[in-house]
Structures are given as C-alpha cells and as structure tokens.
Amino acid sequence: MTKTLFRLALALWLFVLAPVAVQAQSLLSLGGSEPASVDTAGDMAEALKQAAEAGVSVVVLDDAGNLIGTASGKRTDSNETAQEDPMMEGASALMKAQAQVETFRETLRQRLDALPNSLNEVRFILRATSPDGRIMTYVEVLLWNIAFLFVGFLFARFIYGPKIAGRFVIPRVKENPQGYLEKMPFLVFRFSAGVVGTLLVLLTALILGALVAQYPDDLSIQFTVTAIFATFFIARTVSDLWRMILSPFLGQYRMPHFSDRDAQRLYYWASVLIAFNVVSIVFSTWIADFGLNYNVYALLHGTLTLVATIANIVMLVWNGRAITDAIRSGRAAVDVPWLTRVVSYAWAPVMIGYFIYGWLRLAFALVLERPIGIPPIAAAYSSFVAIIVVYGVINYAIEQYFARTRSRDALNEEMAEAEARETERGEPAPTRPRHAITTYEALARRVSGVLAFVAGIYALALIWGTDNRLMSNSVVGSALDVTVILFIGYIVYHLFRIWIDSRIAEETGDEEAGELGDEGGATGATRLATLLPLFRGAILAVVVVSVALIALLELGVNVSPLFAGAGVVGLAVGFGAQTLVRDIFSGAFFLFDDAFRKGEYIDLGEVKGTVEKISVRSFQLRHHLGALHTIPFGEIKTLSNYSRDWVIMKLPLRVTYDTDVEKVRKLIKKLGQELLSDPVIGENFIQPLKSQGVIEMQDSAMIIRVKFMTKPGDQWLVRKKVFEEIRELFAREGVKFAHREVTVRLAGDQDDTATPLQKKAALGAVQAAIDEDMLDGGGGGDLGGDDR
C-alpha cells in the first residue's frame, strides 16, 4: 500500500509541475501495466497529507473530470524561515547570513543523501514518459538528429557556402576597408548569410527526420527534438556573432586590435565554450521541464555550470594579454587615458570574480530550490553582446553622419601636405599639444563608448535583478540621476569647448608661430581668438555650478540657502578684496577696448614682451630674452602696443666725413626700389627703404639714418636683409663705414715718459668714452623710438 501511495503522489506531482512531458496515459501507468489506485478514503487522505507535507500541490479528479479534493503545500525558503523564526527577529545581517549558510549546508547534505533514490526515480520517469518505455529512445533520437544535422552541415559547407552565399559575400570583400562605415555592412551581411546557412542545416535535418526517422507523435520526443535543434541554432548563431566581432580570417575587417593568431585562438575558445554552455543550459532545462527529480537536476545543472565557469576562467587567463592589448588598442599603458588604463588592468580580476560569484549564487539557489533566472555565464555574454551591438550601431551612425566632414578634412590635410612639400621649409615646426577630444565626431565616439557600457550594465542589472529591486532602491535611483546629470554636463561643456577651439583654430590657423627668442612685435591673434579662451573658462564655471546645483536638488538638498550665502560671500569679497575686484574690472575694460591681444608685443614702461596668456585677473608677457612677466590688470598705467597696423624701423649708419651724402641718398633710394621686388621680403614692405640724410655729427663719423615701414613682426627679417644689402652696396660703391675712434692727447713732454699708471688711466678714459657712446647711440636701429 505504501508503494502504491508513493506512485500516486509522484504521478500527481508530475501532472502539476511538468505538463509538457507528461500525457494522461503515461501518468496512469507509471508502474507498468497496473494502474495506480486508492482502495479506501483513508488511504487517499493519507496520500494527500503526505503530498502536502512534501510541498506538492495536488488536484484529484474522478473519471468524469469532477473535482474530488485538493491539497496544497508551500515550500518556504531560507529567507522566509529566517524571518518567521522568532529568534531571527531583530538579528543582525551577519546572523541572518550565518543562518542561511547553515540552512544551505543542511539542505545540501539532505539532497546528497537522497541522490541514489533520486537516480532510480529519474530512470523510472524517463521510462514512463518514453513512448515505448525505453530510456534508449531518447539516446537514439539524439544520435539520429546529430547525424541529420551533420548531413545538413555538409550541405551548407559544400553547396550553400561556395555556390550560393559565396557569390554574394566574396565580391564584397575589400582589401583595405576603413572604419565602421565600410566594415559593418560587410560583417552584418556575412553574419546574416551564416544565420541563413544555419537555418538551412536545421531545415535539412528536419526533412531527413521526417523521411527517415519518422518519430512517433509523442510530446516528449517532439520536445527533445526541439531542444536539440534549439541548441544547434543558438550555438551556431553565437559562434557567427563571435566571427563577426573578431573576424579571425579576414584581418582587414577586424575592429578590435587583435593579431590574426590571437583572433583565431580567441574565436576557437569562444566557439567551443559557447557550444558547451548552450548544451549545458538546454540539457538542464530539458531535465527540469520533464519534471525529473529535482536533486538530480540541481546536481547536474550545478556541475555543468561549474565546468563551464572554470573553462571560461581558463579562457580569460589564456587570452588575457591579447584582450588587454585590444582594450588599449595596441598602445602602451602610459599612452592611453587613465580610464582605459584602469579598465585594462581591472577587467580580468573583475570577470573572474564575477564568474566565481555567479556560480556560488547559482549553487545557493539550486540547493535551496529558489528561482535561478538566467545563468551567470549567459548573463555575462548577453551583457557583452549588448555593449557590442550598441557601440557598433552608434559608431556606424556617427561615421555615416560625419562622412562628408571627414572627406573634407582629409582633402585639406592632403593639400596642406602637398603645400608643405612644395615650400621645402626644412624641419617642421613643433606641433602644440591638443586636447584628446578635438572634434564633434571624437566627442560622439566617446559618448558612444559610455552609452554602450551603460547598456551592458543595464542589461546585466535587468538579468540579475528580475524583480527590479535594484532599480527601485531610492539611493540607487538618486545616484543614477546624479550620474546622468554629470554626464549631460560633461557633454554640454565639451560641445562648447570644441566649438570655441575650432573658432580659435580658424582665427589663428594662418599665422606662423614665431621662433623662441625673437624680438617680438609680430601681429597678434584676432580679438575673437583672444576673448574665446576666457569665454571657455566662463562656460566651464557655469556648467560646473549648474550641474552641482541640479545634482544637489536631485539628492534632496535645499539650495536656496546656498544662493543667499553666495550673495553674502560676494559682498564680503567685494569689500575685502578690492584689489582683486579692481584687477578683474580693469582687465574686462582693457579687453573690451581691444587694447591688446594674445601674441602682440606691448610695452608697459617697466616691462615689455609678447602677450602669452590672458586670465581673468592678470596676463603674462614673454620678453624676447626669455623672461616671463605676470602683470595684474590693475597695475597697468600706460600701455604701448607695437603690433598694430604698421611699424617703422629706423637704422643709423656711421660713415666717414668724406662721404658724398647725396650719392648715398640716391644709392639707398635705388636699393629700396630693388628690395620691393625681392621674392623673400618684397611683400613685407608698406613703404620702401629711404634715406633721411645726416641726423648727427660725431667726433669720428657722420650718422646717416635710413627707414622703412612694414607690417608688425616683419621688420626684423627686413632689417637683416637691409643691413646685408647696404654692406654689399657700400663696398661696391666705395662708401666707407666709420669706425669708432677715441683720441687721447698727452702733453708734448710726456709722449715718451708716460708711466704705466698714466697709460692705464688713458686706456680707462678710452673705454669709458666708448661705453658712453654705445649707450647714447647704440643698437642697430630703433622701432619708432624703441631703444632695443
């Protein structure tokens, strides 16, 4: 009688929990040809009682389908037990965790003790659900379908691939495709062709199964065949997806930075592991849906998942170096941004820790018979696929949108390179360091990477948190809101920064950078190029303050007192830092008046130099000898700008007293006309070189001055050429330069009797006279009164 009651309870349990794999006639004949029956009402009540205690919900019907009785059992997990236990009320989280661990150990021991009986139960159920009562029927179905799938694979490999798909795929192959715009269409097309090939394999296997095997019209056999076909389709499709990502046999279409050897090795690893993972998951699902003993299902699912976890960890370790190089795009760690460097170091331990934690969580759920959801390995691959798909689609759209801009930039670069080759200037000028994000396309790519990462994390959160507990947490929600606000502020600032930098580049793009140590005076940047860096700093301040206030509002902080406090602080600063306020307002008016610009040479009386940097409170001057001066705007009394409109250079020439001044005037005038046609400096003249006649008579020379007018900054080059041409002209025409002479006259009676001390005093007087003359008329020219 006990054996009969056990069979009845097992039959009712299978009827409730596994309706897919059970038919009415199979359930009524689990013990062979003898139907299960209950002789007395007492026996039926006892059976219902035992089923309820075992946690099984039972529904009893008569031959007409009318309800006779019910018994419901409710299994409580460790959390509910811990909450219902009065000893757990008010206990700490550590105490509850310890209780759950003890429950886990006890339940695991019970399941392992019951495993031998569970195996017998599995054999019994498989015979009961088999159409002919044999377990080998499922093995035969598996072997037949593997054979049919192999025939379909041969058809796809030797007929569909080269004869059909190859005609469309091979002509699309390019030798050197560039970017996502040229690579993505081909990769997606080849992936689609692979999916079609997989479907043809399944169709071939299905036709052969219908013609050759002729399976019985049994639900369990149909479910088994469906599981086999689903396993093959998922494994092949995911393998094709890895082939699209890694492109192991067409290196020119590979988007991650892998060598051919590394890409092929990683592809083989991934394909084999994907096949094993899919087989493990589908086989475990097949066991669960058939309603087999839960102990066997839990042990088998946990063991297969453990093997898959270890294999995935081995794959990560084996291919770790190649994956790290791909994350860094083949660059050294010091050459990549800090975030990329952190990811390249952290990805391996994070993934290994994730796999270990995922398996432990799965084992805990299996032993305690909790909902397990999607396996952790499948969740990881799903998150990775979400990242790849989102990143690829966004980057393809970015390149499609910026295709015309990229073509224009490439054409401009080619023209610039051709022009540089024609000019043959020798060594190229050193390039200034640029920001990592210089174009809207670069910003869009950075944003696409962040969005792809967020999509992967969101997919993983949805997979793990099926009840949405994580998203409903108020702290997590506020943190996400603040993160979104910061991200939007980051994008807004860089949008303005890129626009300002591009405008600055347009304003200063045609200007040549002066050599270090030159004498300055060149034309500076435009007014817009001078003011835009200040606007960039102001925009950054506005964005930071706005984002901070909005973030505080999202966190529930009342910002009204902050505005009041800011007003009080501003008033205190206004009274206590009057010099700072004066400097700021003075600088604003100097800049609005366009008194000077970046790159211009100015003289403040005490200091002079080229404007190198402008801030809100002060600016910096670089003297042509290298000194860097920082001057607050409020300290400026007078300002002389030598870089506006035009500049006159005056050059003094020392000639002897027997020089024909008129002849020199005509020679200088003729030379000035010739220099206007000079290929190097001719275009720099605003007014030609001309003579101003004798301007001074000294003891040993006449001073004849010449002058010319040029654009600011060009006078130094012109002066070099003018000096060179005058020296050659005077040598050719017999005009002599006067050398500095100092005559020391001694008394007639001291010519031969001067002592060494007297001679030394005479030499000192000579040197003093020379130094004084150098100070009075020294230099090779003056810049409209400049004493340089």
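Right, let's walk through the structure included here. Predicted model, so just to flag it, every value in this text is computed and none were measured. (Residues numbered from 1 in each chain as written. Predicted model: local features only at pLDDT ≥ 70, side-chain atom pairs only at ≥ 80, totals over all residues. Heavy atoms only, no water.)

Digging into the packing of aromatic side chains
Now for step 1: Counted according to the given criterion, the structure contains 16 aromatic pairs.
Now for step 2: Geometrically, the ring pair formed by Tyr180 and Tyr391 is edge-to-face, given 6.1 Å between the ring centres and 75° between the ring planes. Of this pair, Tyr180 sits in helix H8 (residues 179-213) while Tyr391 is found in helix H14 (residues 376-401), placing the two residues 211 residues apart along the sequence.
Now for step 3: We classify Tyr180 as buried; its relative accessible area is 16%.
Now for step 4: When its relative accessible area of 29% is taken as the criterion, Tyr391 is described as partly exposed.
Now for step 5: Sitting over the ring of Phe189, Arg172 keeps its end group 4.1 Å from the ring centre. (Phe/Tyr/Trp six-rings, centres within 6.5 Å; stacked < 30°, edge-to-face > 60°. Helix = DSSP H or I, 4+ residues; strand = E, 2+ residues; numbered from the N terminus. Buried < 20%, exposed > 50% of the residue type's maximum accessible area, 1.4 Å probe, protein only. Lys NZ or Arg CZ within 6 Å of the ring centre and 35° of its normal.)

Topic: the packing of helix H7 (residues 136-169) against helix H9 (residues 219-246)
Now for step 1: Taken N-terminus to C-terminus, the directions of H7 and H9 make an angle of 40°; their axes are 10 Å apart at the nearest point. Judged by the inter-axis angle, H7 sits oblique to H9. The two elements H7 and H9 cross, and the hand of that crossing is right-handed. Residues Thr137, Tyr138, Val141, Leu142, Asn145 and Leu149 of H7 form the contact with H9, whose own contacting residues are Ser220, Ile221, Thr224, Val225, Ile228, Phe229 and Phe232.
Now for step 2: Among the residues forming the contact of H7 with H9, the class breakdown is 9 nonpolar, 4 polar and no charged. (Axes fitted to C-alpha atoms, helices over the stretch in contact; angles between N-to-C directions. Parallel < 35°, antiparallel > 145°, perpendicular 65-115°, else oblique. Left-handed = near helix turned anticlockwise from the far one by under 90°. Contact = heavy atoms within 4.5 Å. Nonpolar A, V, L, I, M, F, W, Y, C, P; charged D, E, K, R; others polar.)

So, empty space enclosed by the protein
Now for step 1: Under the counting rule described, the total for this entry stands at 4 cavities of 30 Å³ or more.
Now for step 2: Here the largest cavity defines a volume of roughly 60 Å³.
Now for step 3: Mapped by element, the contributors of at least two residues to the lining of the largest cavity are helix H10 (260-289) and helix H11 (294-318).
Now for step 4: In terms of residue class, the lining of the largest cavity is made up of 5 nonpolar, 3 polar and no charged. (1 Å grid on protein atoms, 1.4 Å probe; cavity = no way out; pocket = protein on both sides within 12 Å on 5 of 7 lines; lining within 4 Å. Points joined across faces, edges and corners; volume = space filled by probe spheres on them.)

Some points on the sheet that holds strand S5 (residues 618-622)
Now for step 1: Pairing is antiparallel across the open sheet formed by 5 strands, whose spatial order is S6-S5-S4-S3-S7. The open sheet has two edge strands, strand S6 (628-632) and strand S7 (640-641), and neither has a second partner.
Now for step 2: Note: strand S3 (residues 601-603) against S7, 2 bridges, orientation antiparallel. Opposite Asp603, over in S7, you have Ser640 as the bridge partner. (Pairing = 2+ DSSP bridges.)

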